[in-house]
Protein chains: 2
Amino acid sequence: MTNGAQALISTLVDAGVEVCFGNPGTSEMHFVAALDSVPRIRGVLCLFEGVVTGAADGYARIAGKPAVTLLHLGPGLANGLANLHNARRAHVPIVNVVGEHADSHKQFDAPLDSDIEALTGWSHSWTRRGSSPDRIGRDAAETVAAAQATPPRIATLVLPADVSWGEGRGPAAPVEPVPAAAPDPATVAEIAKILRSGERAVLLIGGAATTERGLVAADRIAAATGARPLVETHPARLTRGAGVPAIDRLGYLAEQATGQLDGAEHVIVAGTRPPVSFFAYPGKPSDLVPAGAQVHRLAEPEADIVAALEALAAEVAADVAPRGAVASLPELPSGPLDVRNWVQVIGALLPENAIVSDESNTSGVFLGAATAGSPRHDVLSLTGGAIGQGLPVAVGAAVAAPERPVIALQSDGSAVYTISALWTMARENLNITTVLINNRAYAILRMELGRVGATEVGPKAGDLLDLSRPDMDFAAIARGFGVPATVATTCEELSEQFRAALAEPGPHLIDARIPSLF
Amino acid sequence: MTNGAQALISTLVDAGVEVCFGNPGTSEMHFVAALDSVPRIRGVLCLFEGVVTGAADGYARIAGKPAVTLLHLGPGLANGLANLHNARRAHVPIVNVVGEHADSHKQFDAPLDSDIEALTGWSHSWTRRGSSPDRIGRDAAETVAAAQATPPRIATLVLPADVSWGEGRGPAAPVEPVPAAAPDPATVAEIAKILRSGERAVLLIGGAATTERGLVAADRIAAATGARPLVETHPARLTRGAGVPAIDRLGYLAEQATGQLDGAEHVIVAGTRPPVSFFAYPGKPSDLVPAGAQVHRLAEPEADIVAALEALAAEVAADVAPRGAVASLPELPSGPLDVRNWVQVIGALLPENAIVSDESNTSGVFLGAATAGSPRHDVLSLTGGAIGQGLPVAVGAAVAAPERPVIALQSDGSAVYTISALWTMARENLNITTVLINNRAYAILRMELGRVGATEVGPKAGDLLDLSRPDMDFAAIARGFGVPATVATTCEELSEQFRAALAEPGPHLIDARIPSLF
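None of the values given here were measured: they were computed from a predicted structure. (Residues numbered from 1 in each chain as written. Chains lettered and ligands numbered in written order. Predicted model: local features only at pLDDT ≥ 70, side-chain atom pairs only at ≥ 80, totals over all residues. Heavy atoms only, no water.)

**What to know about the domain arrangement of chain A**
Reports often express the size of an interface as the amount of accessible area lost when the parts come together.
All names here are of chain A.
Right, on to step 1. Domain boundaries in chain A define domain 1 (2-168), domain 2 (185-316) and domain 3 (342-513).
Right, on to step 2. Taking only C-alpha atoms, the centre of domain 1 and the centre of domain 3 are 29 Å apart.
Right, on to step 3. Of the residues lining the interface, 26 residues belong to domain 1; the matching set on domain 3 comes to 27 residues.
Right, on to step 4. Summing both partners gives a buried area of about 1,900 Å² for domain 1 against domain 3, and 66% of it is carried by carbon and sulfur.
Right, on to step 5. Its largest share of buried area at the contact with domain 3, domain 1 owes to V51, R61 and I62, together 29% of the area lost on that side.
Right, on to step 6. For the interface between domain 1 and domain 3, the tally reads one salt bridge.
Right, on to step 7. The salt bridge involving E428 is made with R42; its shortest N-O contact spans 2.9 Å.
Right, on to step 8. Where the side of domain 1 that touches domain 3 is concerned, the elements lending two or more residues are β2 (19-23), β3 (42-45), α3 (49-63) and α4 (73-90). (Domains from an automatic or database assignment. Contact = heavy atoms within 4.5 Å. Buried area = accessible area lost by both parts, 1.4 Å probe. Salt bridge = Lys/Arg side-chain N within 4 Å of Asp/Glu carboxyl O. Helix = DSSP H or I, 4+ residues; strand = E, 2+ residues; numbered from the N terminus.)

Put into structure tokens, the structure is as follows:
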């Protein structure tokens, strides 16, 4: 006999889901027990659900397929929502399994009871509620297929405890995801015509288009037509470095973005949306498309955006070869660490084929330039603005690609949100080097105060943006979670410690203390 | 001129709200700046929203009135939901201010945009969306009044950035909350008749009835009628110790509760609901009311439950005096720490008038007995089952009552959820002694595995319930967050360190390492 939980897990594995990031509770105990009955699934314990969902996001960005999360009832899902929000913005596939009280138990409104679908609705998740042990295999197969739509998305299976423990018909066969739509030749032709017109155009790419094939196509189009290529501000996965076409990212600050878009008569978007300001500011526009410019979408969201870019390149740039960035390393700097030199250490020492989980925020403003000629790497960025993504995403990326070095560049205030990700790095012996940029401030907010016009700031306001008194010692915290850690205050120390961490497998943390930019 | 944020904060203060627990973002910068323009409000920075909401809960349990939280958009609220779930179950008043994008910005679905009301709906919060700087003072006054309904509840004011920065009419006068309904004399008389009938009755009290007046009335009723008094399993605030009537709590495990309720022909509930199993178990009932027993409610939820109990006591126990628990301390134990002796150290050394934030879970099964004759104290328990409440609740309680010693009894797995509460303890120099019960397991889940019938457990399942490999060093983590910390492995060490921590103002943590019960 096979219970519902065993049927579910077997179905997941048959559909290609190999990793379960989880933090279970009583209602999920049969799912947990069933993990041992299915050899091909790996269970990874995270000590907080924000780590669970962020790890599933990072895994999907690198593996290109979903992991499954295991979450305990509504409150467990609630704890994972912020990183699901980021994952939704990243358009990655995630399969959530959310435990639920047995149907017979729901009527009593027991202490942990809540409206799970209110939360899946908030995260725009495709959602299925399991109704019987006989059907749960089929439900699981359809949930995996839903996650692998185009663009990929979050899909959630709500699993009542009695469906989990009841005996049923066993696993179901995988369900094929709906394939991506082919690009529309008429739209491609129309945009080709615009690009050939000589009018000034920006080509803004995002989503699935920011890895090599999309970048190559965009670069060829730009080289042939003079359009200005740009990558969306916060790409889920951006391939860059020596040999890869180097395309600037649209600036985070509206002032930067406005400068990049200035003069454009056409804004062509591919795999992303027209540019918009991150926040509203008094008297400033939210819509960053230059006045009078026309917006064109290369393809519908359901289409294969890389194929669309390649079709466009074939039309306008048939004979044009892509231009890869030239290998060029910054010199190793010396002296006390600051916001300009720590990134040079990273750029100078970044290993080949690294994955960089970047939540360095204001401390990372000079990171892109310092690593432009470093060996080829993938950058995973904070896609939805909900802080606390970087360390969990690094966990998931390292599980997906154990052969690649993972570098987490993590600012202090954001790190605290999901700091227990460090423990999972230690538990799983993940090859992650965390450089914790410790500037002791919510520096971005100090900057934003002035930008929103809140210029009269007193001590109470200042205290809410300050992370000193007491200073946090992230090396001590990391050791407490089982990760070897050191402190760096100079470029020499950071260089030496970063080299040593990269040379030794397993997780390390460097508490890099720099002055705040603001 | 007064902007919306200033009007809002002035109105809150005029309505008696004195403390703001917050973690702000760009959209809340005008609120942050406005804190300095209103002298009577105190801003307390927490490094994660689960700490913010848990602190507001702990504050309300002790202060008896709401604090205000400051949360950054939907993702900030999402991070605070689990402890709002606990606060909802605790029936405490909380005023949330959730920042929101300016109205003009909403249409662009910027990265941090989301459906905030989906989340306030999940937490059963009364919700108002601010619409203009002219009206925001009135909105704030009505939000505070809504939080102070009977029973108290969570009330949320969604604050668009443009309402915050716009100039308006200034603060509004406080709005009186709807007063509690008077108890219904007919219901009281009917229950008095049942109690006098000689049939076996249980009197289950909860909510506002578990502090001294309610306990005294319940004890007098029990003494006069022979009814068995019980306190709900997870009271928000239970006053106990020497001199206070000692009333057993309903057991967490259905097996315990069934034994306590066995034979009852009447279950009279006051300030709480009929007993229900925390989780469902195969083949076991969720409804714990004995078969054939009648359930009676002493009052509607909107009524003054303490007044109802006192009216009932006046009817059936006019001449009966309450019986306070006798002062009696356990002997200080010696030898290696275990689940039975660590609580005796607490019981022997608990200071007068302490507040105990108890999230010791399975490690605390013997805590009640060990502290029954200790000096009078208040216990704040985990009300909604969403772990990670204990440290934040301790923060809030300490802010509400700086003159009282606060003791956080905190299990390891739950501590990790909101561990950065330690930093706020250090920042605010709160007089909190945390005893971190470090048993290196989700012990409760090891117990629950067998109870749900998941008996075939292999290594993968075991790993998901195990908190070792690596062992966490909570003393190191605490020091990293700025809290002085020690490690105790014996009763002698725990006694000495607990005494020392109590003797010195400010926060301390003791990493007490005990074997897991399961």
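Structure shown, so let's carry the discussion forward.
**A word on the UniProt feature "domain: Thiamine pyrophosphate enzyme N-terminal TPP-binding" (unreviewed entry) in chain A**
Right, on to step 1. On the UniProt side, "domain: Thiamine pyrophosphate enzyme N-terminal TPP-binding" (unreviewed entry) is annotated at positions that read residues 3-106 of chain A here.
Right, on to step 2. Helix makes up 52% of residues 3-106 of chain A and strand 20%, whereas the separation of the span's terminal C-alpha atoms amounts to 21 Å. (UniProt positions renumbered as here; feature names shortened; annotations may be inferred.)

**Considering the pairing of strand β3 (residues 42-45) of chain B**
In the case of a regular strand, side chains alternate between the two sheet surfaces.
Residues and elements named next belong to chain B.
Right, on to step 1. In this structure, strand β2 (residues 19-23) lies alongside β3, joined through four bridges in parallel fashion. Bridge pairing in β3 links G22 to L45.
Right, on to step 2. Crossover β2 to β3 through helix α2 (residues 29-34) is right-handed. (Pairing = 2+ DSSP bridges. Right-handed = clockwise from strand over helix to strand, strands pointing away.)

**Some points on the interface of chain A and chain B**
Right, on to step 1. In this assembly, 98 residues from chain A lie in contact with 98 residues from chain B.
Right, on to step 2. Here chain A packs against chain B, burying approximately 8,000 Å² in sum over the two surfaces, 67% of which is carbon and sulfur.
Right, on to step 3. Together, A:W122, A:K460 and A:L464 form the three largest contributors to the area buried by chain A at its contact with chain B, with a combined 9%.
Right, on to step 4. For the interface between chain A and chain B, the tally reads six salt bridges.
Right, on to step 5. Between A:R273 and B:D109 there is a salt bridge, with its nearest N and O atoms 3.0 Å apart.
Right, on to step 6. At the junction of chain A and chain B, the tally comes to 56 residue pairs in polar contact (both at pLDDT 80 or more).
Right, on to step 7. Counting residues per element, the side of chain A that touches chain B draws most heavily on α4(A), at ten residues.
Right, on to step 8. Among the residues making up the side of chain A that touches chain B, the classes are represented as 55 nonpolar, 25 polar and 18 charged. (Polar contact = N/O pair within 3.5 Å; in protein donor to acceptor, adjacent residues only side chain to side chain. Nonpolar A, V, L, I, M, F, W, Y, C, P; charged D, E, K, R; others polar.)

**A word on the relation of the copies chain A and chain B**
Right, on to step 1. Aligned on chain B, chain A shows an RMSD of 0.0 Å; the corresponding rotation is 180° and the shift along the axis is 0.0 Å. The superposition of one copy onto the other is thereby described by a two-fold rotation axis. No C-alpha of chain A approaches the rotation axis more nearly than that of A:I477, which lies at 2.1 Å.
Right, on to step 2. A high fraction, 100%, of the interface residues of chain A reappear at the interface in chain B, so the copies pair face to face through one surface. (Least-squares fit on C-alpha atoms with pLDDT ≥ 70 in both.)

**Concerning the sheet that holds strand β15 (residues 377-381) of chain B**
All names here are of chain B.
Right, on to step 1. Read from one edge to the other, the open sheet built from seven strands follows the order β11-β15-β14-β16-β17-β19-β18, with strand pairing classed as mixed. Taken across any chain shown, the strands that pair with only one partner, and hence form the sheet edges, are β11 (238-240) and β18 (485-488). Adjacent strand axes in the sheet meet at a mean angle of 20° when their direction is disregarded.
Right, on to step 2. Examined bridge by bridge, strand β14 (residues 354-359) and strand β16 (residues 406-411) share five bridges and lie parallel to one another. Within β16, the residue paired with V356 across the bridge is I407.
Right, on to step 3. Each of β16, β17 (432-438), β18 and β19 (508-513) is contacted by helix α21 (residues 491-503), which is oriented at about 160° to β18, the strand it contacts most. (Axes fitted to C-alpha atoms, helices over the stretch in contact; angles between N-to-C directions.)

**Looking at the environment of A:V19**
Residue and element names in this part refer to chain A.
Right, on to step 1. Here V19 lies in strand β2.
Right, on to step 2. Expressed as a C-alpha distance, the spacing of V19 and R89, which sit 70 residues apart in the sequence, is 22 Å.
Right, on to step 3. Setting aside anything within four residues of it in sequence, one finds V19 in contact with I41, R42, V44, Y59, A67, V68 and V399.

**Examining unusual backbone geometry**
Residue and element names in this part refer to chain A.
Right, on to step 1. The peptide bond linking T150 to P151 adopts the cis configuration, its omega dihedral lying at -10°.
Right, on to step 2. One can find P151 in the loop between α7 (136-147) and β7 (154-160).
Right, on to step 3. If you check the backbone angles, L73 has positive phi at about 55° while not being a glycine.
Right, on to step 4. Along the chain, L73 turns up in helix α4.
Right, on to step 5. Here D109, not a glycine, exhibits a phi torsion of approximately 50°, which is positive.

**Looking at the side chain of B:T371**
Residue and element names in this part refer to chain B.
Right, on to step 1. Along the polypeptide, T371 turns up in the loop between α14 (367-370) and β15.
Right, on to step 2. Looking at T371, its side chain comes within polar contact range of the main-chain oxygen of L367, at 2.8 Å.
Right, on to step 3. Non-local contacts of T371, meaning those with residues more than four positions away in its chain, are made with R240, G241, I346, G347 and H377.

**Comments concerning the UniProt feature "domain: Thiamine pyrophosphate enzyme TPP-binding" (unreviewed entry) in chain A**
Right, on to step 1. Cross-referencing UniProt, the feature "domain: Thiamine pyrophosphate enzyme TPP-binding" (unreviewed entry) maps to residues 374-511 of chain A in the present numbering.
Right, on to step 2. Secondary structure within residues 374-511 of chain A divides into 41% helix and 19% strand; the distance between the first and last C-alpha atoms comes to 23 Å.

**A look at the side chain of B:S411**
Residue and element names in this part refer to chain B.
Right, on to step 1. Mapped onto the elements of the fold, S411 is located in strand β16.
Right, on to step 2. In terms of polar contacts, S411 uses its side chain to reach the side chain of S414, at 3.5 Å.
Right, on to step 3. Those residues within four positions of S411 in sequence are excluded, and the remaining contacts are E359, S360, N361 and I437.

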